[in-house]
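Observations on chain architecture
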Amino acid sequence: MSGRQASVHAKWIIGQVIGTKMKKTAKVRVTRLVLDPYLLKYYNKRKTYFAHDALEQCTVGDVVLLKALPEKRSKHVKHELADIVYKVGQVVDPLTGKRVAGKQYLEPLTESTEDAEVSLTEKLGQLNITASAPPSPS
Amino acid sequence: MPMKGRFPIRRTLEYLQKGEIVFKKTVKIMTVNYNTHGDLSEGARKFVFFNIPQIQYKNPWVQIMMFKNMTPSPFLRFYLDDGEQVLVDVEGKHHKEITQHVRKILGKSDKVLEAEALAKMELSNPANFGPKKYFLRECMSEVEGQVPHPGLVPLPKEMTGKYRAKLAAVSDD
């Protein structure tokens, strides 16, 4: 036999968590696009995977990234949780880094301009620009 | 009788095989986030409608997932083998621009594709004969212009074995 083979064909997969009732294990549903041979159209085909989640940080409905373990942890668990991509209810927009709900931002995109103006005038006042020449050291 | 659906050409093998994007080996997952309404997501919606089947046909081992109405702006996200993630903003872009961009960053270039096609051709020599599964022809009788199989068309008398044997016997005497 030439070397050890990976435990699973798929190294990285993304799926949605459907169950967390097991201890330190998340049930993840993964959908792949499969071509119907007659219609020639792609449909989602579901498959459930079990993933090891050491810190029990998944809730039902999260979208998670799973990584294949080098060897099977138990009869069904062959993957571990690599990263929670979108946490349900607390989706963070990767482009801006702000929290988002559907089509709206929950956090304001820019800092409010009023504060910036006030602090600018305060800072100018503190500068104390005078026309008098400084005393020459001698 | 025309095909059913809005753009049924998307459901033809010829259209699927014309897909331009063949991903590099490191790309494992592709995720598309887009919105169902709004002008800024129009390009992304067209991309999902027209180009995703082509991409999946050419890359059967890449997992492609679509997410609708999760964020205000549309984007693509690729997950590579070494854990790296590539984020592509597609807000306001035309779907052809999106495919060109993706092809440039993560697709195999024309040269690489040609080299691969050439290597594949070299493996299968059309001059060889054998089972239909692996070769073009099984027997010389299948080639046009050659003697056809006697099971289909009887051989002319001069070519049959028993006539030749009889001739040989007569000439020996």
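Predicted model only: the values in this text are computed from it and were never measured.

**Thoughts on the side chain of Arg-77 of chain B**
Along the chain, Arg-77 of chain B falls in strand E3 (residues 75-80). No salt bridge is formed by the buried Arg-77 of chain B; the nearest opposite charge belongs to Asp-83 of chain A, separated by 5.9 Å. Leave out the neighbours within four places in its chain, and Arg-77 of chain B touches Val-85, Tyr-86 and Pro-94 of chain A together with Ile-29, Met-30, Thr-31, Gln-85, Val-86 and Leu-87 of chain B.

**Focus on a nonpolar patch on the surface**
Residues and elements named next belong to chain A. A surface patch of nonpolar side chains, about 480 Å² in accessible area, is lined by Leu-120, Leu-124, Leu-127 and Ile-129. Within the element layout of this structure, Leu-120 appears in helix H1 (residues 113-127). Look at Leu-120 and you get exposed, because its relative accessible area is 53%.

**Observations concerning the UniProt feature "domain: Ribosomal protein/NADH dehydrogenase" (unreviewed entry) in chain B**
UniProt's feature table lists "domain: Ribosomal protein/NADH dehydrogenase" (unreviewed entry) at residues 36-109 of chain B, given in the numbering used throughout. Annotation note: span residues 36-109 of chain B, helix share 39%, strand share 23%, distance between end C-alpha atoms 32 Å.

**Let's talk about the sheet that holds strand E1 (residues 27-34) of chain B**
Residues and elements named next belong to chain B. Strand order across the open sheet formed by four strands is E2-E1-E3-E4, with mixed pairing between neighbours. The open sheet has two edge strands, strand E2 (63-68) and strand E4 (85-89), and neither has a second partner. Between one strand axis and the next, the sheet turns through 15 degrees on average, direction left out of account. Sheet analysis places E3 next to E4, joined by five bridges and oriented antiparallel.

**Looking at the packing of helix H2 (residues 42-58) of chain B against helix H3 (residues 95-106) of chain B**
Residues and elements named next belong to chain B. Between H2 and H3, the least distance of the axes is 8 Å, while the angle of their chain directions is 70 degrees. Comparing the axis directions of H2 and H3 gives the class roughly perpendicular. Of H3, the residues touching H2 (which contributes Gly-43, Ala-44, Lys-46, Phe-47, Phe-50 and Asn-51) are His-95, Ile-98 and Thr-99. A class-by-class count of the residues in the contact of H2 with H3 yields four nonpolar, four polar and one charged.

**Things to note about the packing of aromatic side chains**
Residues and elements named next belong to chain B. All chains considered together, the criterion is met by five aromatic pairs over all chains. With a centroid separation of 6.0 Å and an interplanar angle of 80 degrees, the aromatic rings of Phe-7 and Phe-49 are classed as edge-to-face. Of this pair, Phe-7 sits in the segment before helix H1 (13-17) while Phe-49 sits in helix H2, and the two are 42 residues apart along the sequence. Judged by relative accessible area, Phe-7 falls into the partly exposed class, the value being 41%. For Phe-49, a relative accessible area of 19% translates into the label buried. Within the aromatic cluster, the residues linked to one another by ring pairs are Phe-7, Phe-49 and Phe-50. In this structure, Arg-10 packs its charged tip against the face of Phe-49, placed 3.8 Å from the ring centre.

**What to know about the sheet that holds strand E6 (residues 91-92) of chain A**
The sheet built from three strands is open, its strands ordered E6-E7-E8 (chain A) with antiparallel pairing. Edge positions in the sheet fall to E6 and strand E8 (104-105) of chain A, since each has one partner strand and no second.

The rules behind each value
Residues take numbers from 1 onward in each chain, read along the sequence in its written order. Each chain is given a letter, starting from A, and each ligand a number, starting from 1, according to the order in which they appear as written. With the structure being a predicted model, the display of local features is reserved for residues of pLDDT at least 70 and the display and counting of side-chain atom pairs for 80 or more, all residues being used for whole-chain, interface and lining totals. To obtain the side-chain values, all non-hydrogen atoms of the structure were used and water was disregarded. Working definition: helices are DSSP H or I runs of at least four residues, strands are E runs of at least two. Numbering for both runs from the N terminus. For every residue, the accessible area (1.4 Å probe, protein chains only) is compared with the maximum for its type, and the residue is labelled buried under 20%, exposed over 50%, or partly exposed between those bounds. By the counting rule applied here, Lys and Arg register as positive and Asp and Glu as negative, while His and the ends of each chain are not counted. Between Lys or Arg on one side and Asp or Glu on the other, a salt bridge is scored when a side-chain nitrogen of the former is within 4 Å of a carboxyl oxygen of the latter. In what follows, residue pairs with any heavy atoms lying within 4.5 Å of each other are defined as contacts. Two distance rules govern patches: like charges are joined within 9 Å, and nonpolar side chains (Val, Leu, Ile, Met, Phe, Trp, Tyr) within 5 Å, applied only to residues with over 30% relative accessible area and no salt bridge. Values of accessible area rely on a 1.4 Å probe in the Shrake-Rupley scheme; residue burial ignores everything except the protein chains shown. UniProt positions are given in the numbering used here, feature names are shortened, and annotations may be inferred rather than shown by experiment. Here the rule is simple: two strands pair whenever DSSP picks up at least two bridges between them. To get an axis, a line is fitted to the C-alpha atoms, and for a helix only the part in contact is used. The angle between two axes follows their N-to-C directions and goes from 0 to 180 degrees. Working definition: roughly parallel below 35 degrees, roughly antiparallel above 145 degrees, roughly perpendicular at 65 to 115 degrees, and oblique for all remaining angles. Charged means Asp, Glu, Lys or Arg here, nonpolar means Ala, Val, Leu, Ile, Met, Phe, Trp, Tyr, Cys or Pro, and polar covers whatever is left, Gly included. Within 6.5 Å between ring centres, the rings of Phe, Tyr and Trp (the latter by its six-membered ring) count as paired, and their orientation is classed by plane angle as stacked under 30 degrees, edge-to-face over 60, tilted in between. In this analysis the charged atom, NZ for Lys or CZ for Arg, is taken to sit over a ring once it is within 6 Å of the ring centre and within 35 degrees of the ring normal.

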